[in-house]
Amino acid sequence: MEETIYHIVPNDKKRWDIKVEGRDKPEKTFERKEEAYQEAQDLADRSRPSQLIIHRMDGKVEDISKYSTNG
C-alpha cells in the first residue's frame with residue numbers, strides 16, 4: 001500500500017491548507033493552523049500508512065508525524 005503524505009502549509013491569504021503531496025489543489029483550507037492540524041490528523045489516521053508534515057508560516061518544516069498500518 002502506498003503512503004499518503006499530507007502537508008499543512010500556509011497559503012497566500014494567510015490561511016492554512018491541507019495538501020496531499022503530488023497534488024496542486026488543497027484538500028481543505030482553514031483560518032487557523034490548529035483547525036487544519038486537527039483535520040489533517042484525522043485524514044492521516046484514516047489513510048494509513050501516511051505522514052503528516054507541518055510547516056511554519058515561513059514554509060520550513062516544524063514537525064513530522066508518521067501513521068503506520070499497525071496503529
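Residues numbered from 1 in each chain as written. Predicted model: local features only at pLDDT ≥ 70, side-chain atom pairs only at ≥ 80, totals over all residues. Heavy atoms only, no water.

Engineer: Explain the overall build of the chain to me, please; I cannot follow it from the model alone.
Structural biologist: Along the chain, the regular secondary structure elements total one helix and five strands. Its helices and strands taken in sequence order, the chain reads β-β-β-α-β-β from the N to the C terminus. Relative to the globule expectation of 11 Å for 71 residues, the C-alpha radius of gyration of the chain, 11 Å, shows essentially globular dimensions. Seen through its principal axes, the chain has C-alpha atoms that stretch 35 × 20 × 20 Å. Counting every position in the chain, which comprises 71 residues, the buried fraction comes to 37%. Contacts in the chain between residues at least 24 apart in sequence constitute 31% of all its contacts with a sequence separation of at least 6. Per element, the accessible surface of the chain, about 4,900 Å² overall, is 42% carbon and sulfur. In the chain, the 14 positive side-chain charges and the 16 negative ones have mean positions that sit 3 Å from each other. (Helix = DSSP H or I, 4+ residues; strand = E, 2+ residues; numbered from the N terminus. Rg over C-alpha atoms; globule rule 2.2 N^0.38 Å. Buried < 20%, exposed > 50% of the residue type's maximum accessible area, 1.4 Å probe, protein only. Contact = heavy atoms within 4.5 Å. Areas by Shrake-Rupley, 256 points an atom, 1.4 Å probe, with all protein chains shown as cover. Lys, Arg positive; Asp, Glu negative; His and termini not counted. Charge placed at Lys NZ, Arg CZ, Asp CG, Glu CD.)

Engineer: Help me out: how do you make sense of helix H1 (residues 33-46) in this one?
Structural biologist: Because each turn of an α-helix spans 3.6 residues, side chains separated by three or four positions in sequence point in the same direction. Taking 1.5 Å of rise per residue, 14 residues should cover 20 Å, and H1 covers 20 Å from first to last C-alpha, within 8% of that figure. Listed as buried for H1 are Lys33, Ala36, Glu39, Ala40, Leu43 and Ala44. In a view along the axis of H1, the buried residues occupy a sector of 135°, so they form one face of it. Opposite the buried face of H1, by more than 90 degrees, sit the exposed residues Gln38 and Arg46. Close packing links the buried residues of H1 with strand E1 (4-10), strand E2 (16-20), strand E3 (28-30), strand E4 (50-55) and strand E5 (61-67). (Expected span 1.5 Å × (residues − 1). Arc of directions from axis to C-beta.)

Engineer: Sorry if this is basic, but what is going on with the nonpolar core here?
Structural biologist: Considering soluble globular proteins, one finds that nonpolar side chains tend to be buried as a cluster. Counting 13 residues, the largest nonpolar core has Tyr6, Ile8, Ile18, Ala36, Ala40, Ala44 and Leu52 as the members making the most contacts within it. Within the residue set of this core, elements represented by two or more residues are E1, E2, H1 and E4. Not counting the four nearest positions on each side in its chain, leucine 52 is found in contact with Tyr6, Ile8, Tyr37, Ala40, Gln41, Ala44, Asp63, Ile64, Ser65 and Tyr67. (Core = buried A, V, L, I, M, F, W, Y, C linked by side-chain atoms within 4.5 Å.)

Engineer: Just to check I follow, could you spell out unusual backbone geometry for this structure?
Structural biologist: The phi torsion of most residues other than glycine is negative, and most of the peptide bonds are trans. Residue proline 49 follows arginine 48 across a cis peptide bond; omega there is -5°. One can find proline 49 in the loop between H1 and E4. Positive phi outside glycine occurs at lysine 14, with the angle close to 60°. Structurally, the position occupied by lysine 14 is in the loop between E1 and E2.

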